[in-house]
Amino acid sequence: MSARTELPRISFEARRAVDRAVRALGDVRARVNLRWLAALTGAPASELSRVLAELTELVPVETEIRARHRAGGRAHYAQFRAPFELYAFVRWVRPDHVIETGVSSGVSSAHILAALRRNRRGTLHSIDLPTAQRGTRFGRTESPVALPPGRATGWAVPDDLRSGWDLRLGASETLLPPLVRSLDTIGLFLHDSRHTPGHLTFELTTVRPGLRPGAIVLADNTVWTGSAFPRFARSIGARVARRGRTDLVGLRVASPPVDPRPRKL
Ligand SMILES: C[S@@+](CC[C@H](N)C(=O)[O-])C[C@H]1O[C@@H](n2cnc3c(N)ncnc32)[C@H](O)[C@@H]1O
């Protein structure tokens, strides 16, 4: 999808909702990349506007995530920079099952859970092998993904989003294969765990048999994973869509020809 996708013209209401949500979360890196959203969904601007306008309702969620991060000694919200696109992907795909590897404080998880709640269907299955912060205070030598003292994986996820969340602690090397075998279809997969070429290839090839037509597959920090993602994309005949100049990438699994009537979210 490096053939440039046209920039969708979203409504004023949608723009205002995005601005509010970004402000509440407190990090400008979370501004929505509309071209990337359009490239991966293929959705018309009217539908993108409709789903992005919902972000106004997420302002209390964003405010709570920010407060939880601050209380845990983190000035910045997270490692995952596209939480609002993630919300929109889940709203668009309406998956029965979403899998993510790599949870940390749970910014990506919270946005997937919020979208599934709005969809009124679907389960998030998350896998995380947590690491603990060594000191009592967050210092420069600590990994930002480590758990602050007294916190557990997903510590920034508001309580009211947690019901029905299938959170599994352990290495994805062990937990991902049986999870995929137990699910009928996967509508969205997010890799945000161990960023090595071998590990990303392992995760992508493991989820591949479960991916349904139209599924979205995302991988963050691909600067460290070499050609693993583009190679996987080629193997399934999909194109890689990069989020602006970042190393967060995605692809959409080919769908069979569909009814041309626009979908309602
Ligand atoms: C970049 S963080 C995830 C960020 C998260 N998606 C967010 O939105 O904030 C990576 C997480 O993956 C975990 N991890 C590292 N290796 C892993 C593995 N082999 N299996 C599962 N989780 C792993 C790390 O401990 C960390 O919690």
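As a starting point, this report considers the structure included with it.

Observations concerning the site of the ligand
Okay, step 1: Surveying the vicinity of the ligand reveals 20 residues, the closest of which are Ser-108, Asp-128, Leu-129, Ser-172 and Asp-192.
Okay, step 2: Between an oxygen atom of the ligand and a side-chain N or O atom of Asp-128, the distance comes to 2.8 Å.
Okay, step 3: Between an oxygen atom of the ligand and a main-chain N or O atom of Leu-129, the distance comes to 2.6 Å.
Okay, step 4: Here the ligand has 610 Å² of accessible area as a free molecule, and 93% of this is covered by the chains.
Okay, step 5: When atoms are counted within 2 Å of each cavity's grid points, the one that captures over half of the ligand is the largest pocket.
Okay, step 6: Those elements that provide at least two residues to the shell around the ligand are helix 6 (107-119) and helix 7 (172-182).
Okay, step 7: Split by residue class, the shell around the ligand holds seven nonpolar, nine polar and four charged.

Observations concerning the layout of surface pockets
The method is simple in principle: a probe with the dimensions of a water molecule rolls over the atoms, and the space it marks as empty is what remains.
Okay, step 1: Roughly 560 Å³ of internal volume is contained in the largest pocket.
Okay, step 2: If you go around the largest pocket, you meet 30 residues; those closest to its centre are Gly-102, Asp-128, Val-145, Asp-192 and Ser-193.
Okay, step 3: Of all the secondary-structure elements, those providing two or more residues to the lining of the largest pocket are helix 6, strand 2 (123-128) and helix 7.

Digging into the pairing of strand 1 (residues 97-101)
Walk down a regular strand and you will see the side chains alternate between the two sheet faces.
Okay, step 1: In terms of residue burial, strand 1 counts as a mostly covered element, since five of its five residues are buried.
Okay, step 2: The sheet contact formed by strand 1 and strand 2 spans five bridges and is parallel. Across the sheet, residue Thr-101 finds its bridge partner in strand 2, namely Ile-127.
Okay, step 3: For the crossover from strand 1 across helix 6 to strand 2, the handedness is right-handed.
Okay, step 4: Pairing geometry for strand 1 and strand 4 (residues 186-191), over four bridges, is parallel. Across the sheet, Ile-99 pairs through a bridge with Phe-189, a residue of strand 4.

Thoughts on the nonpolar core
Okay, step 1: Counting residues in hydrophobic clusters, the biggest one holds 53 residues, and the most contacted among them are Leu-52, Leu-55, Leu-188 and Leu-218.
Okay, step 2: Those elements that place two or more of their residues in this core are helix 1 (12-25), helix 2 (34-41), helix 3 (45-53), helix 4 (59-71), helix 5 (83-93), helix 6, strand 4 and strand 5 (211-219).
Okay, step 3: Looking at this core element by element, the count peaks at eight residues for helix 5.
Okay, step 4: Non-local contacts of Leu-188, meaning those with residues more than four positions away in its chain, are made with Leu-86, Phe-89, Val-90, Pro-95, His-97, Val-98, Ile-99, Ile-216 and Leu-218.
Okay, step 5: Judged by nonpolar contacts, the second largest core, of 23 residues, contains Val-180, Leu-204, Ala-219 and Ala-228.

Reading the values: the criteria
- Every chain is numbered on its own, with residues counted from 1 as its sequence reads.
- For a predicted model such as this one, the threshold for reporting local features is a pLDDT of at least 70, and the threshold for listing and counting side-chain atom pairs is 80 or more; totals across whole chains, interfaces and linings nevertheless cover every residue.
- Remark: hydrogens and water are excluded; side-chain values derive from all non-hydrogen atoms of the structure.
- If a single non-hydrogen atom of a residue is within 4 Å of a molecule or strand, that residue counts as near it.
- Pairing of N or O atoms within 3.5 Å defines a polar contact, subject to two protein rules: one partner must be a possible hydrogen donor and the other a possible acceptor, and residues neighboring in sequence count only if both atoms are side-chain atoms.
- Values of accessible area rely on a 1.4 Å probe in the Shrake-Rupley scheme; residue burial ignores everything except the protein chains shown.
- Site definitions follow a grid-based scheme: protein atoms alone, a 1 Å grid, a 1.4 Å probe that fits but cannot get out for cavities, and for pockets an open set with protein on both sides within 12 Å along at least five of seven lines, plus lining residues having an atom within 4 Å of a point.
- A pocket or cavity is taken to hold a molecule when more than half of that molecule's atoms are within 2 Å of the pocket's grid points.
- By definition, any uninterrupted DSSP run of H or I lasting at least four residues is a helix, any uninterrupted run of E lasting at least two residues is a strand, and each is numbered from the N terminus.
- Here the term charged refers only to Asp, Glu, Lys and Arg, the term nonpolar to Ala, Val, Leu, Ile, Met, Phe, Trp, Tyr, Cys and Pro, and the term polar to all other amino acids, Gly among them.
- Grid points are joined across faces, edges and corners, and a volume is the space filled by probe spheres set on the points.
- Each residue's exposure class comes from its accessible area (1.4 Å probe, protein chains only) as a fraction of the maximum for that residue type: buried when under 20%, exposed when over 50%, partly exposed otherwise.
- At least two bridges found by DSSP between two strands is the condition for calling them paired.
- With strands facing away from the observer, any crossover in which the path from the first strand over the helix to the second runs clockwise is taken as right-handed.
- Take the buried Ala, Val, Leu, Ile, Met, Phe, Trp, Tyr and Cys residues and link them wherever side-chain atoms come within 4.5 Å; each set so joined is a nonpolar core.
- Any two residues whose heavy atoms approach within 4.5 Å at even a single point are treated as in contact.

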